[in-house]
Amino acid sequence: MSLQCGIVGLPNVGKSTLFNCLSNAKAQSANFPFCTIEPNVGVITVPDERLIKLGDLCKPERGVIPTTVEIVDIAGLVKGASKGEGLGNKFLANIRETDAIIHVLRCFDDDNVVHVDGTVDPVRDKEIIDAELQLKDLETVESRIQKCEKAARAGGDKQAKLSLEVLEKYREALSQGRNARTVELDNKDQELCAREMFLLTNKPVMYVCNVDEASAVSGNAYVERVREAVKDEDAQVLVLAAKIESEIAELETYEERQMFLEEIGLQESGVNRLIKSAYALLNLRTFFTAGSDEVRAWTFKAGSKAPQCAGVIHTDFERGFIRAEVIKYEDYIALGGESQCRAAGKLGIEGKDYLVQDGDIMHFLFNV
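Not measured: the values here are computed from a predicted model.

**Brief notes about helix H5 (residues 158-175)**
Next, step 1: A rise of 1.5 Å per residue sets the reference length of H5, with its 18 residues, at 26 Å; its end C-alpha atoms lie 26 Å apart and thus fit the reference within 8%.
Next, step 2: Among the residues of H5, those classed as buried are Ala160, Leu162, Ser163, Leu164, Val166, Leu167, Tyr170, Ala173 and Leu174.
Next, step 3: Where H5 ends, the next residue or the one after it, Gly177, has phi of about 80 degrees, a positive value.

Listed below in structure tokens is the structure:
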């Protein structure tokens, strides 16, 4: 399942440094704009403590295989991107291809790292990128409104009328400087129609506040300003210090990394929290297969039914789906494995309409 989060931000806010921490694919990290010209794609392992516990319990011969998420580092943006300024056209094309946005905001002072606008102001930086994306979305919406108006008038097209209703809502919001994701739609038909428009400012977003070491645990005044600015958006805010994360990434052992984190007052690295949050931002969940040969995590979209999840493993599993045997993760760990769960009546037999839950341990029966 190749869903991607795109890391965006103004030049020199720390996004390429952060990407380097996330991935073995090294983006240039330099003190000047546009050092990242081509988007760098990293396939990132999703940290999951449940997988470790399942591995300890099953001791699989082939080992433990985690699931992944793709992170794309996209070139820095400047004012005028919607009109092609700087690398605007490339930026907008790259961001359109992603499924969700990780928006990195500079929330630290450092005279040695120049800011493209001369001063540190994360809310202003956010608004610059918002404005460019909104202008591009407004251009898209205006164009679609013209087409839908013609179709609605000419043939009384019901779908065109529905699209027109949604587009008018978006035009009003975007004209007021609001992102498409802030628009409240009236019903499921409108929501479905909206998803098919693929507007840039309707993508799910997480704001990452890049702070200094002293602010890594509790944040700072810049972070509070960001929280206030995005309180009406359906968006996550995550605080981390990219400079610290780069130091953690250089440590060789898990024990060294944990000691480092404890010394600065953190229980978990910012990178781990970011990956987990990005995974959730994409509306992804995990089910497991577990046995003596292999323990593996599999990614599925929240709301998927059993046959769809079977298809994640192999298309034949979905095509010939008969039923699924399901054990809840908590029962599997508490009772000590599949045979114990089966004996205790904790193994459920589920059919085609079963909505798979995060953490389910599954075995699919199929026939093709």
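**Concerning the pattern of salt bridges**
Next, step 1: Tallying each qualifying case throughout the model produces 22 salt bridges.
Next, step 2: Two residues, Asp121 and Arg225, come together in a salt bridge whose shortest N-O distance is 3.4 Å. Here the residue Asp121 occupies a position in the loop between strand S5 (100-106) and helix H4 (122-155), and Arg225 occupies one in helix H7 (residues 221-229), the gap between them amounting to 104 residues.
Next, step 3: What makes Asp121 buried here is its relative accessible area of 18%.
Next, step 4: Between Asp360 and Lys328 there is a salt bridge whose closest N-O contact spans 2.8 Å. Of the two residues, Asp360 is situated in the loop between strand S11 (347-350) and strand S12 (361-366) and Lys328 in the loop between strand S10 (321-327) and helix H13 (329-335); the sequence distance between them amounts to 32 residues.
Next, step 5: Assessed through its relative accessible area of 32%, Lys328 is described here as partly exposed.
Next, step 6: Several salt bridges converge on common partners, so that one network encompasses Lys126, Asp130, Arg181 and Glu233.

**Some remarks on the packing of aromatic side chains**
Next, step 1: All chains considered together, the criterion is met by six aromatic pairs.
Next, step 2: Ring centres of Phe287 and Trp298 lie 6.4 Å apart, and the angle between their planes is 15 degrees; this geometry places the pair in the stacked category. Highlighted residues: Phe287 in strand S8 (residues 284-290) and Trp298 in strand S9 (residues 295-301), separated in sequence by 11 residues. No difference in accessibility class separates Phe287 from Trp298, as the two residues are buried.
Next, step 3: Put simply, the rings of Phe287, Trp298, Phe300, Phe321 and Phe364 touch in pairs and so form one group of aromatic residues.

Basis of the calculations
Residues numbered from 1 in each chain as written. Predicted model: local features only at pLDDT ≥ 70, side-chain atom pairs only at ≥ 80, totals over all residues. Heavy atoms only, no water. Helix = DSSP H or I, 4+ residues; strand = E, 2+ residues; numbered from the N terminus. Expected span 1.5 Å × (residues − 1). Buried < 20%, exposed > 50% of the residue type's maximum accessible area, 1.4 Å probe, protein only. Salt bridge = Lys/Arg side-chain N within 4 Å of Asp/Glu carboxyl O. Phe/Tyr/Trp six-rings, centres within 6.5 Å; stacked < 30°, edge-to-face > 60°.

Keep in mind these values describe shape, not function.
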